[in-house]
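# Results of the structural survey
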Amino acid sequence: GGVPPATDLVLGATAGCLACFLTNPLEVVKTRLQLQGELQPPGTYPRPYRGVLRAAVAVCRADGLRGLQKGLAAGLLYQGLMNGVRFYCYSHAEDAGWTEYPGGTVAAGAVAGAVGAVVGSPAYLVKTHLQAQTLSAMAVGHQHNHESISGAFKSIYQQHGVVGLWRGVTGAVPRVAVGSAVQLATFASAKDWVCERQWFRKGSWAAVLAGGMVSGVAVAVTMTPFDVISTRLYNQPVDADGTGKLYRGFLDCILQISSKEGLLGLYKGIGAVYLRLGPHTVLSLFFWDKLRTM
């Protein structure tokens, strides 16, 4: 309502960071689940992480309570960059009247998400590396062994240059574009749907949360395969020239996962994805709306 796009950039970044701080533990759990049994047939590998709750307990045992907030600084940087740019672009689309056309909301959400993903990609790369790191007995996926967020950026830049900081972006763009489009297209309608059935009072916290969880089903189903691919592309080891040792790119990653791990391999960590999406959707959009009002 009358908020300039530049202001939306700041408010969107702030809202995303506030939501990230509360939902980062689920992001850590999701990353571990998605890397577990990488490119191995089901049932042939040890599973130190089993389900969301047991995986969270396993993280705490290996890394302490602080382990649930691994990669938080990189996560905050990513959410600030991605959501700031995403809401900025979406606000421009609203001002231009593009969202009033049929399908305009979905298209604007997808484009805004894609641009945000490109800008925030280096932070997501480092976040994934840091969240995957743990004791050797509990390790899943490649271990990059960074000592800090600044050390991670420095190491990647020294080894592979500026281009190396955007490694894996081909998985991030479709992930955020699909997630953003579905989220922005379904959240409001899902919230109205639960109120029409008189499950909750219109405008109540319960209605907003329920709408977010209903919307989260659609987002989780459509977004999880892209999320798994994105995590694998970001975390894979690379050669001296920056070429991935496991996957040649987005399509190769899909083919390898589906052929070696089965189609369900593309849905690893969906429980954590869903449990994170509902609260994160509600919190980020709630904070954004309240900050706009203020």
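Owing to the predicted nature of the structure, the values given are computational and were not obtained by experimental measurement.

In this section: the overall build of the protein. In terms of helices and strands, the protein carries nine helices and zero strands. Dimensions along the principal axes, computed over C-alpha positions, put the protein at roughly 50 × 40 × 35 Å. Scored against the burial criterion, the 294 residues of the protein give a buried share of 52%. For the protein, the share of sequence-separated contacts (at least 6 apart) that also reach a separation of at least 24 residues comes to 78%. Surface accessibility of the protein: about 13400 Å² in total, with carbon and sulfur atoms responsible for 65%. With 25 positive and 16 negative side-chain charges, the protein shows a spacing of 9 Å between the two charge centroids.

The next thing to look at is the pattern of salt bridges. For the coordinates displayed, the defined rule picks out 10 salt bridges. The residue D63 makes a salt bridge to R32 at a minimum N-O spacing of 3.2 Å. Separated by 31 residues along the polypeptide, D63 in helix α2 (residues 52-63) and R32 in helix α1 (residues 5-35) bring together distant segments of the chain. A relative accessible area of 22% places D63 in the partly exposed class. Salt bridges here are not isolated pairs; linked through shared partners, they connect E27, K30, K127, R175, D227 and R276.

Here we come to the packing of aromatic side chains. Aromatic ring pairs are defined here through the distance separating the ring centres and the angle between the ring planes. Applying the stated rule across the entire model yields four aromatic pairs. Ring geometry for Y78 and Y124: centres 4.8 Å apart, planes at 65 degrees, overall edge-to-face. Taken together, the residues span a long stretch of sequence, with Y78 in helix α3 (residues 72-95) and Y124 in helix α4 (residues 104-132) at a distance of 46 residues. Across this residue pair, the class does not change: Y78 and Y124 are buried. Seen from their ring centres, Y124 and Y234 are 5.2 Å apart, and the 45 degrees between their planes marks the pair as tilted. Remark: Y234 occurs in helix α7 (residues 205-235) and Y124 occurs in helix α4; sequence separation between them is 110 residues. Put simply, the rings of Y78, Y124 and Y234 touch in pairs and so form one group of aromatic residues. For the cation-ring pair, R86 lies above F87, with the distance from its terminal atom to the ring centre recorded as 5.0 Å.

Turning next to the UniProt feature "repeat: Solcar" (unreviewed entry) in the protein. This chain's UniProt record puts "repeat: Solcar" (unreviewed entry) on residues 3-96, 100-193 and 203-294. Secondary structure over residues 3-96 splits into 71% helix and 0% strand, and the C-alpha atoms at its two ends are 13 Å apart. The span residues 203-294 is 72% helical and 0% strand by assignment, and the distance between its end C-alpha atoms comes to 18 Å.

Our next topic: empty space enclosed by the protein. This model, assessed by the stated rule, comprises three cavities of 30 Å³ or more. Considering only enclosed or pocket space, the largest cavity measures out at about 210 Å³ in volume. Lining the largest cavity are 17 residues, and of these M82, R86, Q183, M223 and R276 sit closest to its centre. Taken together, the elements giving at least two residues each to the lining of the largest cavity come down to α3, α6 (169-196), α7 and α9 (270-293). For the lining of the largest cavity, a count of residues per class yields six nonpolar, eight polar and three charged. Taken as a whole, the second largest cavity holds about 70 Å³ of empty space. Every residue along the wall of the second largest cavity is listed here: C20, T23, N24, E27, G75, Y78, Q79, Y124, K127, Q131, R175 and R276. Of all the secondary structure elements, the ones that give two or more residues to the lining of the second largest cavity are α1, α3 and α4. In terms of residue count, the dominant contributor to the lining of the second largest cavity is α1 (four residues).

Turning our attention to the UniProt feature "transmembrane region" (unreviewed entry) in the protein. The UniProt record marks residues 205-226 and 269-288 with the feature "transmembrane region" (unreviewed entry), using the residue numbering of this structure. A distance of 30 Å separates the end C-alpha atoms of residues 205-226, which is 100% helix and 0% strand. Note that residues 269-288 is 95% helix and 0% strand, and that its end C-alpha atoms are spaced 27 Å apart.

Moving on, we get to unusual backbone geometry. Positive phi outside glycine occurs at N145, with the angle close to 55 degrees. Here N145 shows up in the loop between α4 and α5 (149-164). With relative accessibility at 59%, the residue N145 sits in the exposed group. A positive phi angle, near 60 degrees, is found at Q198, a position not held by glycine. Residue position: Q198 is located in the loop between α6 and α7. On the basis of relative accessible area, Q198 is assigned to the exposed category, the value being 71%.

The end-to-end C-alpha distance of α9 is 34 Å, a good match for the 34 Å that 24 residues give at a rise of 1.5 Å each. Of all the residues in α9, the buried ones are A272, V273, R276, L277, G278, H280, T281, V282, L283, S284, L285 and W288. Packed against the buried residues of α9 are α1, α2, α3, α6 and α7.

Here the focus is α3. Here α3 is 24 residues long and its end C-alpha atoms lie 33 Å apart, about the 34 Å a rise of 1.5 Å per residue gives. Backbone geometry just downstream of α3 places G97 in the positive-phi region, at approximately 80 degrees.

So, how was this worked out
- Residues numbered from 1 in each chain as written.
- Predicted model: local features only at pLDDT ≥ 70, side-chain atom pairs only at ≥ 80, totals over all residues.
- Heavy atoms only, no water.
- Helix = DSSP H or I, 4+ residues; strand = E, 2+ residues; numbered from the N terminus.
- Buried < 20%, exposed > 50% of the residue type's maximum accessible area, 1.4 Å probe, protein only.
- Contact = heavy atoms within 4.5 Å.
- Areas by Shrake-Rupley, 256 points an atom, 1.4 Å probe, with all protein chains shown as cover.
- Lys, Arg positive; Asp, Glu negative; His and termini not counted.
- Charge placed at Lys NZ, Arg CZ, Asp CG, Glu CD.
- Salt bridge = Lys/Arg side-chain N within 4 Å of Asp/Glu carboxyl O.
- Phe/Tyr/Trp six-rings, centres within 6.5 Å; stacked < 30°, edge-to-face > 60°.
- Lys NZ or Arg CZ within 6 Å of the ring centre and 35° of its normal.
- UniProt positions renumbered as here; feature names shortened; annotations may be inferred.
- 1 Å grid on protein atoms, 1.4 Å probe; cavity = no way out; pocket = protein on both sides within 12 Å on 5 of 7 lines; lining within 4 Å.
- Points joined across faces, edges and corners; volume = space filled by probe spheres on them.
- Nonpolar A, V, L, I, M, F, W, Y, C, P; charged D, E, K, R; others polar.
- Expected span 1.5 Å × (residues − 1).

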